[in-house]
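Spelled out, the chains give:
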Amino acid sequence: NAGVTQTPKFRVLKTGQSMTLLCAQDMNHEYMYWYRQDPGMGLRLIHYSVGEGTTAKGEVPDGYNVSRLKKQNFLLGLESAAPSQTSVYFCASSLYGTSGALQETQYFGPGTRLLVL
Amino acid sequence: DAKTTQPTSMDCAEGRAANLPCNHSTISGNEYVYWYRQIHSQGPQYIIHGLKNNETNEMASLIITEDRKSSTLILPHATLRDTAVYYCIVSIYNQGGKLIFGQGTELSVKP
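In this text, all values refer to a predicted model and were calculated from it rather than measured experimentally. (Residues numbered from 1 in each chain as written. Chains lettered and ligands numbered in written order. Predicted model: local features only at pLDDT ≥ 70, side-chain atom pairs only at ≥ 80, totals over all residues. Heavy atoms only, no water.)

J.: Mind showing me how you'd approach the overall build of chain A here?
T.: The helix and strand tally for chain A stands at zero helices and eleven strands. Ordered by position in the sequence, the α and β elements of chain A form the string β-β-β-β-β-β-β-β-β-β-β. In chain A, which comprises 117 residues, the proportion classed as buried is 47%. Contacts in chain A between residues at least 24 apart in sequence constitute 56% of all its contacts with a sequence separation of at least 6. Surface summary for chain A: the accessible area is close to 5400 Å², and the carbon and sulfur share equals 55%. When the 10 positive and 8 negative side-chain charges of chain A are each reduced to one mean point, those points stand 9 Å apart. (Helix = DSSP H or I, 4+ residues; strand = E, 2+ residues; numbered from the N terminus. Buried < 20%, exposed > 50% of the residue type's maximum accessible area, 1.4 Å probe, protein only. Contact = heavy atoms within 4.5 Å. Areas by Shrake-Rupley, 256 points an atom, 1.4 Å probe, with all protein chains shown as cover. Lys, Arg positive; Asp, Glu negative; His and termini not counted. Charge placed at Lys NZ, Arg CZ, Asp CG, Glu CD.)

Structure, rendered in structure tokens:
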């Protein structure tokens, strides 16, 4: 059981280039999230998904797109990278539940460090 | 969502209890209190959560005041591996799981 994995671990892009970050989870979780973390700051939610085929905007969605074609995968795309998108990107997943607080008990991946020059 | 206030940093001696406070004076009745921690360069790790009652698990205890305006995370016997940034978050469950992370408390456990 690998939990939440992220690919790649590190990437350098030039301004204007595009790339896709992959998040995979093997826990059969319904909910998945993409966060970014800038130096000295807490995590900020970019986009999230409450199930296969559905996505929604988070706190800082501009400049990013996402897709959830399969339940276990959540992709984050940068169509035209900008230096302001230099950050560490974390993916997370959680169970769906109508009682308790399962959705907020999130399991995080190890992160992808992105540098945009 | 309610906002939280935490001290920027704290020190704790190894083997002693670490008590991390959090103020959430505007918390509403259906909001839970969650604690996560982030060890340097790693993804955050869920610790514990609660609504009204005190909670305990294998990692920590959570004490929530009767008026729910503040809480304390207790690590009973801190080790060097507990050095991390600790985030206190309040959130309404069943709303898509959106968590709002603040800046947290940087806990340094010293030998």
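Next, the rest of the story.
J.: Looking at this structure, I do not really get the overall build of chain B. What am I missing?
T.: If you tally the helices and strands in chain B, you get zero helices and nine strands. Along the chain direction, N to C, the helices and strands of chain B fall in the order β-β-β-β-β-β-β-β-β. Relative to its length of 111 residues, chain B is compact, with a C-alpha radius of gyration of 13 Å against a globular reference of 13 Å. Overall, chain B is about 40 × 30 × 25 Å in size when its C-alpha atoms are taken along their principal axes. Put simply, 57% of the contacts in chain B that link residues at least 6 apart link residues at least 24 apart. Accessible area for chain B stands at about 5700 Å²; split by element, carbon and sulfur atoms hold 47% of it. (Rg over C-alpha atoms; globule rule 2.2 N^0.38 Å.)

J.: What am I meant to see in the packing of aromatic side chains here?
T.: Any aromatic ring pair is given by two values, namely how distant the centres are and how the planes are angled relative to each other. Tallied over the entire structure, the rule returns eleven aromatic pairs over all chains. For the ring pair Tyr-33 of chain A and Tyr-35 of chain A, a centre distance of 6.3 Å and an interplane angle of 35° mean the geometry is tilted. What makes Tyr-33 of chain A buried here is its relative accessible area of 0%. Take Tyr-35 of chain A: its relative accessible area is 0%, and that puts it in the buried class. Here Tyr-32 of chain B and Tyr-34 of chain B contribute two aromatic rings whose centre-to-centre distance is 6.1 Å and whose plane-to-plane angle is 35°, an arrangement assigned as tilted. Of the two residues, Tyr-32 of chain B and Tyr-34 of chain B, both sit in the buried class. Each member of the aromatic cluster is reached from another via a ring pair, and the members are Tyr-33, Tyr-35, Tyr-48 and Phe-108 of chain A together with Tyr-36, Tyr-46, Tyr-87 and Phe-101 of chain B. (Phe/Tyr/Trp six-rings, centres within 6.5 Å; stacked < 30°, edge-to-face > 60°.)

J.: Looking at this structure, how should I read the nonpolar core?
T.: A general feature of soluble globular proteins is that nonpolar side chains tend to end up buried together. Residue and element names in this part refer to chain B. Judged by nonpolar contacts, the single largest core of 21 residues is most densely connected at Trp-35, Leu-73, Tyr-86 and Leu-107. Ranked by residues supplied to this core, first place goes to strand β8 (residues 84–92) with four residues. In this structure Leu-107 touches Met-10, Asp-11, Cys-12, Ala-18, Leu-20, Leu-75, Asp-82, Thr-83, Ala-84 and Tyr-86, once residues within four positions along its chain are discounted. (Core = buried A, V, L, I, M, F, W, Y, C linked by side-chain atoms within 4.5 Å.)

J.: Looking at this structure, I do not really get the sheet that holds strand β7 (residues 65–67) of chain A. What am I missing?
T.: For sheets, the rule is that strands pair by backbone hydrogen bonds, running either parallel or antiparallel. All names here are of chain A. The sheet built from four strands is open, its strands ordered β1-β3-β8-β7 with antiparallel pairing. Where the open sheet ends on each side, the last strands, each with one partner, are β1 (4–7) and β7. With strand direction ignored, the average angle separating the axes of adjacent strands in the sheet is 20°. Taken together, the three bridges between β7 and strand β8 (residues 73–78) define a ladder with antiparallel strand orientation. (Pairing = 2+ DSSP bridges. Axes fitted to C-alpha atoms, helices over the stretch in contact; angles between N-to-C directions.)

J.: Can you walk me through the environment of His-29 of chain A in this structure?
T.: Note that His-29 of chain A resides in the loop between β3 (19–25) and β4 (31–37). With 63 residues separating them along the chain, His-29 of chain A and Ala-92 of chain A place their C-alpha atoms 9.9 Å apart.

J.: Looking at this model, I keep getting lost on the pairing of strand β11 (residues 112–116) of chain A. Mind explaining?
T.: The side chains of a regular strand alternate between the sheet's two faces. Residue and element names in this part refer to chain A. Residue alternation in β11 divides its side chains into a buried set, Thr-112, Leu-114 and Val-116, and an unburied set, Arg-113 and Leu-115. Looking at chain direction, strand β2 (residues 10–13) and β11 are connected through four bridges and run parallel. Looking at β11, one finds that Phe-10 is bridged to Arg-113. Taken together, the three bridges between strand β9 (residues 87–94) and β11 define a ladder with antiparallel strand orientation. In the strand pairing of β11, Ser-87 is matched with Leu-114.

J.: When you look at the side chain of Arg-68 of chain B in this model, what are you seeing that I'm missing?
T.: Residues and elements named next belong to chain B. Summarising the element assignment, Arg-68 is placed in the loop between β6 (61–64) and β7 (70–75). No salt bridge is formed by the buried Arg-68; its nearest oppositely charged neighbour, Glu-31, is found at 6.0 Å. The contacts of Arg-68, once residues within four sequence positions are left out, are His-24, Ile-27, Ser-28, Gly-29, Asn-30, Glu-31, Leu-51 and Lys-52. (Salt bridge = Lys/Arg side-chain N within 4 Å of Asp/Glu carboxyl O.)

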